[in-house]
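Descriptive structure summary
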Amino acid sequence: MFCIDNRCTDIYFNLAAEEYLLKQKRENYFMLWQATPTVVIGKHQRVEAEVDTDYTQQYGVRIARRFSGGGAVYHDAGNVNLTFIETATQPDFNYYLQQTIDFLATVGITASADSRLGVYIDGQKISGSAQCIHKNRVMYHCTLLFSTNIEALNASLNGRSEPEVLAPGSHIVRAVPSVKSEVTNVCRHLQQPPDMRRFLRLLFHYFLSENGENPIYRFTRNDIEAIERLKRGKYATEAWIWGN
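Everything in this summary refers to the structure shown in the same document. (Residues numbered from 1 in each chain as written. Predicted model: local features only at pLDDT ≥ 70, side-chain atom pairs only at ≥ 80, totals over all residues. Heavy atoms only, no water.)

**Things to note about the overall build of the protein chain**
Of the regular secondary structure elements, the protein chain holds eight helices and 11 strands. Computed over its C-alpha atoms, the radius of gyration of the protein chain comes to 18 Å, within 12% of the 18 Å expected for a compact globule of 244 residues. Its C-alpha atoms put the protein chain at 60 × 40 × 35 Å along the principal axes. Sequence separation of 24 or more characterises 77% of the internal contacts of the protein chain that already satisfy a separation of 6 or more. For the protein chain, the accessible surface area stands at approximately 12,400 Å², while carbon and sulfur atoms represent 48% of it. Each charge sign in the protein chain was given a centre, from 26 positive and 26 negative side chains, and these centres are 5 Å apart. (Helix = DSSP H or I, 4+ residues; strand = E, 2+ residues; numbered from the N terminus. Rg over C-alpha atoms; globule rule 2.2 N^0.38 Å. Contact = heavy atoms within 4.5 Å. Areas by Shrake-Rupley, 256 points an atom, 1.4 Å probe, with all protein chains shown as cover. Lys, Arg positive; Asp, Glu negative; His and termini not counted. Charge placed at Lys NZ, Arg CZ, Asp CG, Glu CD.)

This is the structure we're talking about:
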């Protein structure tokens, strides 16, 4: 498995990179990345139902839509994102979930999972995940709250329910609502928490060294050009973010 230590914090580039690796590549990848403050909603969600847009506009929190389903999540510099992309005939998403739990055990965290592939410490959520399949390619990606601004997270993920307004002859397409959970940060449960930079190094090298030495992959110029085209043509557009 190739390991990518992606230092770019542009949410639209990173979401485009995931789709590019899923659809245009054939190798297996693990990508570690972060983003500036952003609410990322699932493919089948409505922005207004998930996001307090007044808050996000006031505080400069971006809004993005990912390629996979699932619920809305909040990203900032205290959150880490793990993306696993592989070629597989029989997807086993619990395998990726367990890898995250196993890593947490190496830093002294005893975590558990639920049926929706969330990760918890003492009943409080620290990680949510989403999955998708494209032909024989599978993607599993998850958040991991290390030192996220919980106040900003709760304020951003505070959408409003509105009645559907339909044109004559149209039909209702139900959006997928998020399931609210009480959240916590990993750093709160460590006696001597490392700083964020060291935590990222520990996480990346855990997967880099898994099953022997996995090679590091760096995006080529052609990769970056293709990802930027997908970003500009899809992920950074209002039509994609707001239109579904």
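**Focus: the pattern of salt bridges**
Tallied over the full model, the rule gives nine salt bridges. Salt-bridge contacts for Lys23 lead to Glu19; the nearest nitrogen and oxygen are separated by 3.1 Å. In this pair, Lys23 and Glu19 are both assigned in helix H1 (residues 11–24), four residues apart and thus about one turn of the helix distant. Using a relative accessible area of 23% as the deciding quantity, one classes Lys23 as partly exposed. Of the residues examined, Glu19 reaches a relative accessible area of 7% and is grouped as buried. Glu48 is the partner of Arg46 in a salt bridge, and the nearest nitrogen-oxygen pair spans 3.9 Å. Judged by its relative accessible area of 24%, Glu48 falls in the partly exposed class. Bridged by salt links that share partners, the residues Asp10, Arg62, Glu228, Lys231 and Arg232 form one connected network. (Salt bridge = Lys/Arg side-chain N within 4 Å of Asp/Glu carboxyl O. Buried < 20%, exposed > 50% of the residue type's maximum accessible area, 1.4 Å probe, protein only.)

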